[in-house]
Amino acid sequence: MILDSKIPEGPLAEKWEKHKFNVKLVNPANKRKYDIIVVGTGLAGASAAATLAELGYNVKAFCYQDSPRRAHSIAAQGGINAAKNYQNDGDSVYRLFYDTIKGGDYRAREANVYRLAQVSVNIIDQCVAQGVPFAREYGGLLANRSFGGAQVSRTFYARGQTGQQLLLGAYSALNRQIAYGKVKMYPRTEMLDLVMVDGKARGIVTRHLITGKIESHSAHAVILATGGYGNVFFLSTNAMGSNTTAIWRAHKKGALFANPCFTQIHPTCIPVSGGYQSKLTLMSESLRNDGRVWVPKAVGDNRAPGQIPEDERDYFLERKYPSFGNLVPRDVASRNAKLACDEGRGVGTTKLAVYLDFADAIKREGLDKISQKYGNLFDMYAKITGENPYEQPMRIYPAVHYTMGGLWVDYNLMTTVPGLYATGECNFSDHGANRLGASALMQGLADGYFVIPYTIGDYLAQNPTTRVETSHPAFQEAEAKVQADVNRLLSINGTRTVDDFHKALGLLMWDYCGMARNAEGLQYAKQEIRKLRDEFWRDVKILGVNEELNITLEKAGRVADFLELGELMVDDALNRNESCGGHFREEYQTPENEALRDDENYTYVAAWEYTGTNQPSVLHKEELTFENVKLTQRSYK
């Protein structure tokens, strides 16, 4: 299989504009003859569904929540990047492009990243027009703040609830099209398989989560916008329902899975407090604008933070990275927090935490000003921990947050399955080995509002408007397989709960394929995951029946997919004998504990082909070429 990225020819800054002119168009009268399925209604899915419907296509939108408003995009707090240069501090489209390439440790496509930076400026205008209440300066202009990996202020925000406000904007656009009849909404409906006809994606099979009814839906093209797979680790900042099922089932139908081991560890999370927890809570990266990260200088210093004098504190990010300080990229901040705790200088009862201290900011700007910026985040922290962050430092520790890996897509966002597209976090395309903060919202809306509406037309214009009925044998076969998988899960009647298996998998993944990896640990994890998967299919216990609301059955299908994905992530991490971004192999690091890349051998996208259960996946490589940036060892000093 040859991976054709379909990157347009020409200078970097002109590729997207030329490509938009060269793609084939569907005339307005023909658009109403095409049906498009959109799976997922977060920022990427809702924006795509609304925009495609506005263009005239017939859209079917699916989400497993009871409302698109519950998509995990609402959890993004800190902001969205755009190269507007409102601060007049030296920002530009090229600088955003460069920061993103560098932040991803030179493991992303130049063309995709530059397009993202170009489109970013349009996103803000679109969202303002929708009424998104971005913060404003005294004179009425939109405000910006800084985020990790950049020395300019380019992050637009709505207090600490930017994702929610952006989603409400996309949701309102989606509702408008639902009212017009151009979008048919299917809530509480989960995609369980992709249907292929003549080698092309022509529909999906779903299960209704209230009634258990299994149904087929046909279309001329399918767009997946189902988010990331961080819950393979069980404990993560993702919503409990976030999963890999849609993209994993598509992977089994021929869509290659790219860079699955590239997992982002976010440095600013509330630490684990006990084995009963089902998820972790993110404290926005925006807090690192004013909060200072530190630990005691002495090992085993158990004094309260207020009792530790200034000269006995180690502001380790400011000490090691004076140019960027507390706003180094997430992978760098996370690794250094782990290193401090490994040295025995962690704080709190578990000693797996560092301080995020706002005392200096409150003294400098006043309590009211800090409350205006971060009040809802401080309130959330106080409710969860019972501690007042205005009076004592927050305790934070890294946790799984975002997945840079996902389905391989070309420049048009099409997977290796013709007619199947992947947008937002469920594709691999824009972030390389580490995502800069405030770039997830940017990518989701860029893909949905400004990229897929152009590129999907190029495919549809070359395919007939003829509909495939769900009575087609391919749909019947897929439905039968989904029903058989459901029946198989229900028939096991074992002794271990689904959550028990999920927690065991998550612990293996975190310990051996988490913030740090090595060959010995990865090989052990691979063996243990296989054992765990075998035991799952022998001993999982699922109560109830299919024809009802059955949350345990839902979880079981998702965990079954995680158990397969986990092994692929381990294989990918074993294959990549280097450290880059969030992929930190302990065997490959500089004397200063920084990630040590191997550009000669690993400057490629690792795209894996599924060959069957318990069969080795086949690796395909998309070589990355860098014509506009120089490959250098990342430095934030």
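Residues numbered from 1 in each chain as written. Predicted model: local features only at pLDDT ≥ 70, side-chain atom pairs only at ≥ 80, totals over all residues. Heavy atoms only, no water.

What to know about the overall build of the protein chain
On a plain count of helices and strands, the protein chain comes out with 17 helices and 20 strands. Projecting the C-alpha coordinates of the protein chain onto the three principal axes gives extents of approximately 75 × 60 × 50 Å. The burial tally for the protein chain puts 61% of its 637 residues in the buried class. In the protein chain, 74% of the contacts between residues at least 6 apart in sequence involve partners at least 24 apart. Taken as a whole, the protein chain presents about 23,900 Å² of accessible surface, with 50% of it coming from carbon and sulfur. (Helix = DSSP H or I, 4+ residues; strand = E, 2+ residues; numbered from the N terminus. Buried < 20%, exposed > 50% of the residue type's maximum accessible area, 1.4 Å probe, protein only. Contact = heavy atoms within 4.5 Å. Areas by Shrake-Rupley, 256 points an atom, 1.4 Å probe, with all protein chains shown as cover.)

Concerning the pairing of strand S5 (residues 153–156)
Sheet topology note: the strand S3 (residues 80–81)/S5 ladder contains two bridges and is antiparallel. Considered in S5, the bridge of Asn 81 is made with Thr 155. As defined by bridge partners, strand S4 (residues 145–146) adjoins S5 across two bridges and the pair is classed as antiparallel. Residue pairing for S5: Ser 146 is matched across the bridge by Ser 153. Linking two consecutive strands that pair antiparallel, namely S4 and S5, is a turn of six residues; a positive phi of about 85° is found at Gly 149 within it. (Pairing = 2+ DSSP bridges.)

Here we look at the packing of helix H15 (residues 519–539) against helix H16 (residues 551–575)
Interhelical geometry of H15 versus H16 gives an angle of 160° and a closest axis separation of 9 Å. Classified by the angle between their axes, H15 and H16 sit roughly antiparallel to one another. Judged by the twist between their axes, the crossing of H15 over H16 is left-handed. The residues of H16 that touch H15, namely those facing Ala 519, Leu 522, Gln 523, Ala 525, Lys 526, Ile 529, Arg 530, Leu 532, Arg 533, Phe 536 and Trp 537, are Ala 556, Val 559, Ala 560, Leu 563, Glu 564, Gly 566, Glu 567, Val 570, Asp 571, Ala 573 and Leu 574. (Axes fitted to C-alpha atoms, helices over the stretch in contact; angles between N-to-C directions. Parallel < 35°, antiparallel > 145°, perpendicular 65-115°, else oblique. Left-handed = near helix turned anticlockwise from the far one by under 90°.)

Here's the deal with the sheet that holds strand S7 (residues 189–197)
Pairing in this open sheet of three strands is antiparallel, and the strands run S7-S8-S9 from one edge to the other. For this open sheet the edge positions go to S7 and strand S9 (214–218), each flanked by a neighbour on one side alone. Pairwise comparison of adjacent strand axes, ignoring direction, gives a mean angle of 30° for this sheet.

Observations regarding the layout of surface pockets
In this structure, the second largest pocket spans a volume of roughly 600 Å³. When residues of the lining of the second largest pocket are traced back to their parent elements, those giving at least two are helix H9 (330–342), strand S16 (394–403) and helix H14 (498–513). The leading source of residues in the lining of the second largest pocket is H14, at six residues. A breakdown of the residues in the lining of the second largest pocket according to their chemical character gives 17 nonpolar, six polar and six charged. (1 Å grid on protein atoms, 1.4 Å probe; cavity = no way out; pocket = protein on both sides within 12 Å on 5 of 7 lines; lining within 4 Å. Points joined across faces, edges and corners; volume = space filled by probe spheres on them. Nonpolar A, V, L, I, M, F, W, Y, C, P; charged D, E, K, R; others polar.)

Comments concerning the nonpolar core
Judged by nonpolar contacts, the single largest core of 179 residues is most densely connected at Ile 80 and Leu 224. When near neighbours in sequence (up to four residues on either side) are disregarded, Ile 80 contacts Ile 123, Ile 124, Phe 134, Arg 154, Thr 155, Phe 156, Thr 162, Leu 166, Ala 438, Leu 441, Met 442 and Leu 445. By size, the runner-up hydrophobic cluster in this structure holds six residues, among which are Ile 308, Tyr 315, Val 347 and Tyr 355. (Core = buried A, V, L, I, M, F, W, Y, C linked by side-chain atoms within 4.5 Å.)

Examining the packing of helix H5 (residues 110–129) against helix H12 (residues 440–460)
Running from N to C, H5 and H12 cross one another at 80°; their axes reach a closest spacing of 9 Å. One finds that H5 runs roughly perpendicular with respect to H12. Counted together, Arg 115, Leu 116, Val 119, Ser 120, Asn 122, Ile 123, Gln 126 and Cys 127 of H5 and Met 442, Gln 443, Leu 445, Ala 446, Tyr 449, Phe 450 and Val 451 of H12 form the full contact between these two elements.

Describing the sheet that holds strand S6 (residues 183–186)
Read from one edge of the open sheet, five strands run S6-S2-S1-S10-S18, paired in parallel fashion. Edge positions in the sheet fall to S6 and strand S18 (420–422), since each of these pairs with one other strand and no more. Strand-to-strand, the axes of this sheet are offset by a mean angle of 20°, without reference to chain direction.

Notes on helix H11 (residues 367–385)
Here H11 spans only 20 Å end to end across 19 residues, well under the 27 Å set by a 1.5 Å rise per residue. The largest bend in H11 amounts to roughly 85° and is located at Tyr 374. Listing the buried residues of H11 in full gives Ile 370, Tyr 374, Gly 375, Leu 377, Phe 378 and Tyr 381. Buried residues in H11 make contact with S4, helix H10 (359–365) and S16. Looking one or two residues past H11, Gly 386 carries a phi angle of roughly 75°, positive in sign. (Expected span 1.5 Å × (residues − 1). Bend = angle between axes of the 7 residues up to and from the residue.)

Describing the environment of Arg 335
Structurally, the position occupied by Arg 335 is in helix H9. The class for Arg 335 is buried, based on a relative accessible area of 11%. It is 42 Å that separates the C-alpha atoms of Arg 335 and Asn 493, two residues lying 158 residues apart in sequence. Ignoring sequence-local partners within four residues, the contact set of Arg 335 consists of Met 515, Gly 581, Phe 584, Asn 593, Glu 594, Ala 595 and Arg 634.

Brief notes about the packing of aromatic side chains
Going through the model one piece at a time under the given rule, you end up with 24 aromatic pairs. When the centroid spacing of 5.8 Å and the interplanar angle of 40° are considered together, the rings of Tyr 602 and Tyr 604 count as tilted. Using a relative accessible area of 2% as the deciding quantity, one classes Tyr 604 as buried. An aromatic cluster is defined as three or more aromatic residues linked by ring pairs; in this entry it consists of Tyr 229, Trp 248, Phe 257 and Tyr 610. (Phe/Tyr/Trp six-rings, centres within 6.5 Å; stacked < 30°, edge-to-face > 60°.)

Topic: the pattern of salt bridges
If you walk through the whole model with that rule in mind, you get 52 salt bridges. Across the salt bridge formed by Lys 338 and Asp 342, the nearest N and O atoms sit 2.8 Å from each other. Note that Lys 338 and Asp 342 are positioned in helix H9 at a spacing of four residues, about one turn of the helix. Arg 597 serves as the salt-bridge partner of Asp 599, at 2.8 Å between the closest nitrogen and oxygen. On the basis of relative accessibility, which here comes to 25%, the residue Asp 599 falls in the partly exposed class. (Salt bridge = Lys/Arg side-chain N within 4 Å of Asp/Glu carboxyl O.)

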